[in-house]
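Structure assessment
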Amino acid sequence: MNWLSKRVYLILILILIIFVTQSGAGINGFSQTADIERVKTVEEAIQKAAVQCYALEGSYPSFSYLVKHYGLVINESAYFYHYELIASNIMPVIAVYKKW
């Protein structure tokens, strides 16, 4: 193998390494964006259930009441849920965090 073919071979290896690392970074960024969207979707589902209960029953319920009576399905192995009920006529503070 002469020096030119070795140089071309090294350049091709470097291009491959760059391509693989950039692909991995892109996939990781997409995964993080998808996680953020899932958290927003879960928060919106909790909020919709709370608003529906308020519209039907006249007060905002506890989190466990939403799960029991409004079919809210939660995944405690994947998310932390913060649901702070301030008063029966004030929208609760709702936050969902993904467990890592």
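For the structure, see preceding data.
Treat the numbers as computed from the prediction; the structure is a model and nothing was measured.

1. Things to note about a nonpolar patch on the surface
- There is a patch of nonpolar side chains on the surface, built from Tyr9, Leu10, Ile13, Leu14 and Ile17 and spanning about 500 Å² of accessible area.
- With respect to the element layout, Ile13 can be found in helix α1 (residues 3-57).
- For Ile13, a relative accessible area of 32% puts it in the partly exposed group.

2. A short note on the environment of Val93
- Take Val93: it is sitting in strand β2 (residues 93-98).
- Relative accessible area serves as the criterion here: at 36%, Val93 is assigned to the partly exposed category.
- It is 9.2 Å that separates the C-alpha atoms of Val93 and Gln47, two residues lying 46 residues apart in sequence.
- Excluding its chain neighbours within four sequence positions, the residues that come into contact with Val93 are His82, Tyr83, Glu84 and Ile86.

3. Describing the environment of Tyr83
- Inspection of the secondary structure puts Tyr83 in strand β1 (residues 79-84).
- Once you skip the residues sitting within four places of it in the chain, Tyr83 turns out to touch Ile46, Ala50, Pro61, Ser62, Phe63, Leu66, Pro92, Val93 and Ile94.
- At a separation of 2.7 Å, a polar atom in the side chain of Tyr83 contacts the main-chain carbonyl oxygen of Pro61.

So, how was this worked out
All residue numbers here refer to positions counted from 1 along the written sequence of the relevant chain. The model is predicted, so local features are restricted to residues of pLDDT at least 70 and side-chain atom pairs to those at 80 or more, both for listing and for counting; the totals for chains, interfaces and linings are taken over all residues. No hydrogens and no water enter the side-chain calculation; it runs on all heavy atoms of the structure. Within the patch definition used here, like charges are joined within 9 Å and nonpolar side chains (Val, Leu, Ile, Met, Phe, Trp, Tyr) within 5 Å, considering only residues with over 30% relative accessible area and no salt bridge. We get accessible surface area from the Shrake-Rupley algorithm with a probe of 1.4 Å; when it comes to residues, only the shown protein chains can shield them. Salt bridges are defined as contacts in which a side-chain nitrogen from Lys or Arg sits within 4 Å of a carboxyl oxygen from Asp or Glu. Working definition: helices are DSSP H or I runs of at least four residues, strands are E runs of at least two. Numbering for both runs from the N terminus. Type-normalised accessible area, obtained with a 1.4 Å probe on protein chains alone, sets the label of each residue: buried when under 20%, exposed when over 50%, and partly exposed for intermediate values. The contact criterion used throughout is that any non-hydrogen atoms of two residues lie within 4.5 Å. Here a polar contact means two N or O atoms within 3.5 Å. Within protein one must be a hydrogen donor candidate and the other an acceptor candidate, and residues neighboring in sequence count only if both atoms are side-chain atoms.

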